[in-house]
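Here's the letter readout for the chains.
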Amino acid sequence: MKYLLPIILFFFCTNSTAQKRDYNWVFGDSVGINFNTVPPSVDTTRIIMTIEPAASISDENGNLLFYVGSPEVDILTNYKKCVVRSSDNSIMVGGDSIAGYTSVTQGLIIIPDSYDTAKYYIFHIGYFLGLYYSIVDISLNNGLGEIISANNILKSYVTEKMHAVKAANGKDWWIIGMVRQGNSDYFYKFKLDSAGIANKGQQLISSQQVPSWAGQIIFSPNGDKLIYTGGMTENSVFDFDRCTGEFMNRQLLNQGGHPRYGASFSPS
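Residues numbered from 1 in each chain as written. Predicted model: local features only at pLDDT ≥ 70, side-chain atom pairs only at ≥ 80, totals over all residues. Heavy atoms only, no water.

Student: Tell me about the nonpolar core, residues and numbers included.
Tutor: Counting residues in hydrophobic clusters, the biggest one holds 19 residues, and the most contacted among them are Ile111, Phe123, Ile125, Leu131, Met162, Ile175 and Tyr188. With residues up to four places along the chain from it excluded, the contact list for leucine 131 reads His124, Ile125, Asn152, Ile153, Leu154, Lys155, Val158, Met162, Tyr188 and Phe190. Of all hydrophobic cores here, the second largest spans 16 residues; its members include Phe66, Val68, Val84 and Ile98. (Core = buried A, V, L, I, M, F, W, Y, C linked by side-chain atoms within 4.5 Å. Buried < 20%, exposed > 50% of the residue type's maximum accessible area, 1.4 Å probe, protein only. Contact = heavy atoms within 4.5 Å.)

Okay, here's the thing in structure tokens:
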């Protein structure tokens, strides 16, 4: 199931004025899609080879800044790292060995620092499922960017699920993932604000014998709901408070006896 290429791309969940941060997708075997054209155009100039996790980000005008994925060759040998490439496809300074793992559903997210327009945070899940972050300063190296802090560990033994959403103030970010402890599943919560990254604790999801490592968590476009796919276990929708970071009003989905791996919300 995992090898049906559930490519993970980063979408912004915010009520603020629409930007073009997600106008360039880079994923799979050197595939790009450019949404600056009508209809969207295929970009075959990118260098990437990734089974699952990939992320890319553009500036507010839709110009690609950089992208992240597995090495372009020999991914089975180099399955324990990711590579960061600049807009010209060169490997970003310091970006040749970011902790990663070829087979992680939601293994990469790129978030712009709302308080420093030159900085971007890459959240990445590495081998043995550790959650890391690295920081890009896009103003360096003549605008091609440079990794100024790499492979900082945030949490050990997380699962594949990870997503991000704007906080209620429209500037801070919630980074949400899942961790399993004993027979229970928990949301872990980090917040990125003007002071940096803060650990905001955990919240119980459910207690069940069958682990739900696989699958996705996806926020709705306005950020007030989250859908949780359990892989081989139960699936749920939660309400989310973007002020407090609390999940509420869990609703189990009738899955008709079939597991769910991925999910998405409609624009409305």
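Student: Please give an account of the confidence of the model for the chain that cites residues and values.
Tutor: Model confidence for the chain is summarised by a mean pLDDT of 88, while 88% of its residues fall at 70 or above. Below pLDDT 50 for its whole length, residues 1-17 participates in 54 contacts with residues either more than four positions away or in separate chains. (pLDDT = per-residue confidence, 0-100.)

Student: Help me get a handle on the pairing of strand S13 (residues 173-181), residues and values and all.
Tutor: A regular strand places its side chains so that they alternate between the two faces of the sheet. Of all 9 residues in S13, 8 are buried, a share of seventy percent or more. As defined by bridge partners, strand S12 (residues 158-166) adjoins S13 across 6 bridges and the pair is classed as antiparallel. Directly across from alanine 164, in S13, lies its bridge partner isoleucine 175. Taking the residues that link successive antiparallel strands as the turn, the S12-S13 hairpin has 6 residues, and the phi of glycine 170 there is positive, at about 80 degrees. Pairing analysis gives 9 bridges linking S13 to strand S14 (residues 184-193), with the strands arranged antiparallel. Within S14, the position partnered with isoleucine 176 by the bridge is lysine 189. (Helix = DSSP H or I, 4+ residues; strand = E, 2+ residues; numbered from the N terminus. Pairing = 2+ DSSP bridges.)

Student: Tell me about the pattern of salt bridges, residues and numbers included.
Tutor: Per the counting criterion, the structure on display carries 5 salt bridges. Of the charged contacts, one joins arginine 46 and aspartate 43 as a salt bridge, the two residues approaching to 3.0 Å between their closest N and O atoms. Relative accessible area serves as the criterion here: at 17%, aspartate 43 is assigned to the buried category. For lysine 119, the salt bridge is made with aspartate 116, and the minimal N-O distance between the two is 3.8 Å. The exposure class assigned to lysine 119 is partly exposed, which follows from its relative accessible area of 27%. (Salt bridge = Lys/Arg side-chain N within 4 Å of Asp/Glu carboxyl O.)

Student: A description of the sheet that holds strand S10 (residues 131-137) should follow, citing residues and the corresponding values.
Tutor: Either a parallel or an antiparallel arrangement is found when strands of a sheet pair, and the pairing is made through backbone hydrogen bonds. Pairing is antiparallel across the open sheet formed by 4 strands, whose spatial order is S8-S9-S10-S11. Looking at which strands have only one partner, the edges of the open sheet turn out to be strand S8 (108-112) and strand S11 (146-155). Averaged over all adjacent pairs, the angle separating strand axes in this sheet is 20 degrees, with direction ignored. With 6 bridges connecting them, S10 and S11 associate as antiparallel partners. Considered in S11, the bridge of isoleucine 135 is made with serine 149. (Axes fitted to C-alpha atoms, helices over the stretch in contact; angles between N-to-C directions.)

Student: Can you tell me about the packing of aromatic side chains, naming the residues and giving the values?
Tutor: For the coordinates displayed, the defined rule picks out 17 aromatic pairs. With 5.3 Å between their ring centres and 70 degrees between their planes, tyrosine 101 and tyrosine 127 make a pair best called edge-to-face. Of the two residues, tyrosine 101 is situated in the loop between strand S7 (98-99) and S8 and tyrosine 127 in the loop between strand S9 (119-125) and S10; the sequence distance between them amounts to 26 residues. Look at phenylalanine 123 and tyrosine 133: their rings are 6.5 Å apart centre to centre, the planes differ by 40 degrees, and that puts the pair in the tilted class. (Phe/Tyr/Trp six-rings, centres within 6.5 Å; stacked < 30°, edge-to-face > 60°.)

Student: I'd like a rundown of the side chain of arginine 21, residues and numbers included.
Tutor: Checked against the element boundaries, arginine 21 lands in the segment before strand S1 (24-27). Of the buried charged residues, arginine 21 lacks a salt bridge, with glutamate 60 as the closest side chain of opposite charge at 4.0 Å. Within the local environment of arginine 21, its side chain forms a polar contact with the side chain of tyrosine 120, the two groups lying 2.8 Å apart. (Lys, Arg positive; Asp, Glu negative; His and termini not counted. Polar contact = N/O pair within 3.5 Å; in protein donor to acceptor, adjacent residues only side chain to side chain.)

Student: Please provide a residue-by-residue account of the environment of glycine 62, values included.
Tutor: Relative to the helices and strands, glycine 62 is located in the loop between strand S4 (55-58) and strand S5 (64-69). When its relative accessible area of 2% is taken as the criterion, glycine 62 is described as buried. Distance in space between the C-alpha atoms of glycine 62 and phenylalanine 35 is 8.2 Å, their sequence separation being 27 residues. Excluding anything up to four places from it in sequence, glycine 62 contacts Lys20, Tyr23, Asn24 and Asn36.

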